[in-house]
Amino acid sequence: DSRLGGRLMAMHLPGLPATDLWFTVDKRPNVSDPFRFLADRCNINYSPTEWSQFRATDDKGNVVTAETLESQSRLSQAVSNLEAAWARGDFQGEDDLSLQAALRIYGWHPKTPADWAIEYYWFQLELVAHPSALSAKRWLYLYGPGGLFEHQDYQRVRNSYFGNRVIVNCLADTFRNGNNDPRILLNTLVTEIQYSDNGVMVIASDGSRYVGEYALVTFSLGVLQHGDVTFTPELPFWKKLAINRFIMGPATCVYTIFSTRVERPVAKRYMYVSDSRGLYHWTMELLSVLELKFNHSQSYNIFVTWPVGDDAVRIESQPIEETTRELTELYRHQFGPATPVPEVRVCNYSLNPLYYGGYSGIFPLGATIEDLDQLRAPIKNRLFFAGDAYQDNLYARGALVSGMETAAAIMKCMNGGSCTLPQMADEADNGDDVVIDRC
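Residues numbered from 1 in each chain as written. Predicted model: local features only at pLDDT ≥ 70, side-chain atom pairs only at ≥ 80, totals over all residues. Heavy atoms only, no water.

S.K.: Would you take a moment to explain the state of the cysteines for this structure?
M.R.: Each disulfide consists of one covalent bond between the sulfur atoms belonging to two cysteines. Counted by the stated rule, this structure contains 2 disulfides. Across the disulfide, cysteine 253 is cross-linked to cysteine 347 (sulfur-sulfur distance 1.8 Å). Between cysteine 253 and cysteine 347, the disulfide has an S-S torsion of -70° and is therefore left-handed. A residue pair is termed long-range when its members are at least 10 positions apart, and cysteine 253 in the loop between strand E12 (248-249) and strand E13 (254-258) and cysteine 347 in the loop between strand E17 (343-346) and strand E18 (359-360) qualify at 94 residues. Each of the two residues, cysteine 253 as well as cysteine 347, counts as buried. (Disulfide = S-S within 2.5 Å. Helix = DSSP H or I, 4+ residues; strand = E, 2+ residues; numbered from the N terminus. Buried < 20%, exposed > 50% of the residue type's maximum accessible area, 1.4 Å probe, protein only.)

Written out as structure tokens, the structure is:
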């Protein structure tokens with residue numbers, strides 16, 4: 001790539017290099033949080049994001065906000081009942097089941113486009129997989145009472161239109177010597193990694209070779225699953241199994257640019273309720289998030305939506321004219337028939353060979369805590385792995401925590417100590433730190 005940040009990509013829009021604008025922090029002020037520390041160090045202003053207010057229309061232009069709120073209420077009740085059962089210990093000793101099946105037990109039976117849209121927003125958009133493919137026990141462990149995400153909240157970057165990429169560059173500035181530090185090799189495509197008991201050699205597409213005692217692999221899980229990088233010798237079978245048990249979901253972002261101001265109902269979010277599950281369900285106005293603090297012309301509107309799953313791949317694959325036609329139809333349903341034809345730009349997370357996916361979700365049904373530990377484990381105490389897929393925290397936060405944790409393990413290893421990483425907590429874990437060794 002030509003810049004730091006990986007999937008924290010930038011897409012240049014009119015006066016606005018659009019990027020991810022959110023990160024998660026622990027809401028408890030007395031708890032140390034790496035993202036809050038970096039945001040404060042980098043002078044980034046942020047505040048909680050309001051996700052609950054929306055306006056819903058169907059594919060005929062009818063306002064269906066009330067029906068959609070009713071669907072959300074029923075799903076919320078089913079989730080509350082499920083969490084209460086988890087807290088009572090009803091699932092103790094039982095085999096795992098899909099999140100879809102668990103919700104069905106407690107009354108969630110999605111049947112209408114409004115039901116599908118709300119379910120998509122609650123689960124698939126965030127976890128990049130349908131509830132039928134997700135582990136109910138792991139979801140409850142993370143999102144239920146006392147779970148990891150109980151105290152985390154989405155924060156919105158307010159004083160930088162470079163979003164959380166500012167944090168990436170600020171972190172890099174703590175060790176790099178300017179923007180052209182010769183130790184950082186951009187636009188260098190890795191094609192092979194050779195490893196042994198004595199060290200690691202990395203080979204690039206131009207034939208250049210880089211030798212070290214240790215290497216930290218931060219390719220996305222999608223790149224590892226596609227096998228575009230050759231490992232010599234081959235990765236052990238246990239590592240291949242772990243890599244392919246987890247989800248690197250197809251996901252993309254679609255920016256819609258109107259060159260003139262669009263008359264529209266004011267809302268925090270816009271929902272499109274249609275028979276096609278996941279088709280541009282959730283949309284938000286980007287400039288309203290940025291609050292026009294950067295002297296942007298107010299003569300245009302920019303909206304963003306996040307398709308995931310098969311729709312993401314289809315949108316990335318189809319001609320931009322077809323995507324423009326779909327979005328023009330969508331916005332005319334939402335804002336009225338006079339809405340002009342917009343300019344559309346599409347991210348390429350899912351088909352880009354540097355990513356092969358947008359982000360990793362939580363445990364798929366059938367995966368175990370041992371699988372996650374094997375995914376995280378180094379090979380021969382020389383080849384280490386880190387990234388958003390290797391941590392329960394998910395997204396950029398998971399990548400940061402995973403990188404910090406793995407870097408600490410490498411440092412201990414270099415100094416003659418243990419090369420292992422702490423074992424991830426299981427659903428029945430008592431909180432004690434346990435280490436594994438898969439070398």
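S.K.: Which parts of the structure should I look at to understand the environment of valine 346?
M.R.: Tracing the sequence through the fold places valine 346 in strand E17. In this structure, the C-alpha to C-alpha distance between valine 346 and tryptophan 306, residues 40 residues apart in sequence, is 9.9 Å.

S.K.: Explanation requested: the sheet that holds E17 in the structure shown.
M.R.: Think of a sheet as strands paired side by side through backbone hydrogen bonds, with each pair either parallel or antiparallel. One open sheet accounts for 6 strands, arranged E5-E14-E15-E16-E13-E17; its pairing is mixed. Each having just a single partner strand, strand E5 (55-58) and E17 make up the two edges of the open sheet. Strand-to-strand twist in this sheet, taken as the mean axis angle between neighbours without regard to direction, amounts to 25°. As defined by bridge partners, E5 adjoins strand E14 (residues 270-273) across 4 bridges and the pair is classed as parallel. (Pairing = 2+ DSSP bridges. Axes fitted to C-alpha atoms, helices over the stretch in contact; angles between N-to-C directions.)

S.K.: Where do I start with the pattern of salt bridges in this structure?
M.R.: Opposite charge on two side chains lets them pair, provided their charged atoms get close. All chains considered together, the criterion is met by 17 salt bridges. Residue glutamate 70 pairs with arginine 74 through a salt bridge whose shortest N-O separation is 2.9 Å. Of the two residues, glutamate 70 and arginine 74 both sit in helix H2 (residues 65-88), 4 residues apart, roughly one turn of that helix. The exposure class assigned to glutamate 70 is partly exposed, which follows from its relative accessible area of 41%. The class of arginine 74 is partly exposed, set by a relative accessible area of 31%. Close ionic contact of aspartate 115 with arginine 74 constitutes a salt bridge, the shortest N to O distance being 2.6 Å. With aspartate 115 in helix H4 (residues 113-127) and arginine 74 in helix H2, the pair connects residues that are 41 residues apart, well separated along the chain. The class for aspartate 115 is buried, based on a relative accessible area of 2%. Here the salt bridges share partners, and the residues they tie into one network are Glu70, Arg74 and Asp115. (Salt bridge = Lys/Arg side-chain N within 4 Å of Asp/Glu carboxyl O.)

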